Amino acid sequence: MNETTASAPRAARPRITAEHIGLGAIRRVIQDFYARVRRDPLLGPRFAAVVEDWPAHEAKLTHFWWVSLGGPAYAPYRYRVVDAHALIAVRGEEIRHWLALFADCLHAHLPADLAAQWLARAQAMGRSLSLIAGQEPC
Ligand code: HEM
């Protein structure tokens, strides 16, 4: 552990990830990811059944990840992640597939270390969603 790490307040550390990646890159990842989702045979129909306004969905999810990675909120979105996925009864297989698609997309846009940090967040959410849905943890 170096001196900077040792003295940084724990809550301040995640912000480094959001700022290192940058809002523009997060937006590009999200737009590309949902373009891949729309073309995906397993996930495409699941999203098509719910999402009517893709630009609005992407803007909301860009903000979600920016904040989840430690950036300061810049819009008054409210999230109900558990409810949103409970409503459509996501399955463990779908969550694993979502994560694999997301990993490919992150690695296509970001250096390996930043992709790995963001992916770790998504995997933790995937585990929570799986457990809440009563599916095998992924
Ligand atoms: C680790 C895996 C996943 C993560 C981190 C994730 C994350 C999110 C987040 C943050 C939202 C916004 C929720 C809100 O508006 O409050 C969302 C919405 C949504 N997710 Fe996921 N998701 C995952 C997997 C999946 C899977 C596997 C599916 C489909 C089978 C799915 C379908 C949807 C849909 C349809 C919405 C839009 C809900 C709406 O606007 O009402 N997600 N997701």
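All figures in this text were calculated on a predicted structure; none of them were measured in a lab.

About the criteria used
- Residues numbered from 1 in each chain as written.
- Predicted model: local features only at pLDDT ≥ 70, side-chain atom pairs only at ≥ 80, totals over all residues.
- pLDDT = per-residue confidence, 0-100.
- Contact = placed C-beta atoms within 7 Å.
- Core = buried A, V, L, I, M, F, W, Y, C linked by C-beta atoms within 7 Å.
- Buried ≥ 20, exposed ≤ 12 C-beta atoms within 10 Å, placed from the backbone.
- Helix = DSSP H or I, 4+ residues; strand = E, 2+ residues; numbered from the N terminus.
- Near = placed C-beta within 6 Å.
- Axes fitted to C-alpha atoms, helices over the stretch in contact; angles between N-to-C directions.
- Parallel < 35°, antiparallel > 145°, perpendicular 65-115°, else oblique.
- Left-handed = near helix turned anticlockwise from the far one by under 90°.
- Nonpolar A, V, L, I, M, F, W, Y, C, P; charged D, E, K, R; others polar.
- Expected span 1.5 Å × (residues − 1).
- Arc of directions from axis to C-beta.

Draft legend 1. View of the confidence of the model for the protein chain. Here the protein chain averages 90 in pLDDT, and 86% of its residues register 70 or above. In this model residues 1-7 is a low-confidence stretch, pLDDT under 50, and it forms one contact with partners more than four residues away in sequence or in other chains.

Draft legend 2. Examining the nonpolar core more closely. Of all hydrophobic cores here, the largest spans 18 residues; its most connected members are I26, V29, F33 and L106. For this core, the elements supplying multiple residues, two or more each, are α3 (23-39), α5 (54-68), α7 (92-109) and α8 (112-132). Beyond its immediate chain neighbours, meaning those up to four positions away, V29 contacts C105, L106 and H109.

Draft legend 3. Representation of the site of the ligand within the structure. Around the ligand, the surrounding shell holds 22 residues, and the nearest of these are Y79, E94, W98, M125 and G126. Mapped onto the shell around the ligand, the elements with two or more residues apiece are α4 (44-48), α5, α6 (81-87), α7 and α8.

Draft legend 4. Up close: the packing of α3 against α5. Contact pair α3 / α5: the axes reach a minimum separation of 9 Å and the direction vectors enclose 135°. As far as their axial angle goes, α5 and α3 are oblique. Pair α3 / α5 crosses with right-handed handedness. Contacts between α3 and α5 involve L23, I26, R27, I30, Q31 and Y34 from the former and W54, H57, E58, L61, T62, W65 and W66 from the latter. Across the contact of α3 with α5, the residue classes break down as eight nonpolar, three polar and two charged.

Draft legend 5. Quick look at unusual backbone geometry. Although it is not a glycine, A89 sits at a positive phi angle of roughly 50°. Mapping A89 onto the fold places it in the loop between α6 and α7.

Draft legend 6. Quick look at α5. With 15 residues, α5 should reach 21 Å at 1.5 Å per residue; the first-to-last C-alpha distance of 20 Å fits that figure. Residues of α5 that are buried include every one of T62, H63, W65 and W66, and no others. Each buried residue of α5 lies within a common arc of 165° when the element is viewed along its axis, so the set occupies one face.

Draft legend 7. Looking closely at the packing of α3 against α7. Contact pair α3 / α7: the axes reach a minimum separation of 10 Å and the direction vectors enclose 140°. One finds that α3 runs oblique with respect to α7. As α3 packs across α7, the resulting crossing turns out to be right-handed. The residues of α7 that touch α3, namely those facing A25, R28, V29, D32, F33, R36 and V37, are L101, F102, C105, L106 and H109.

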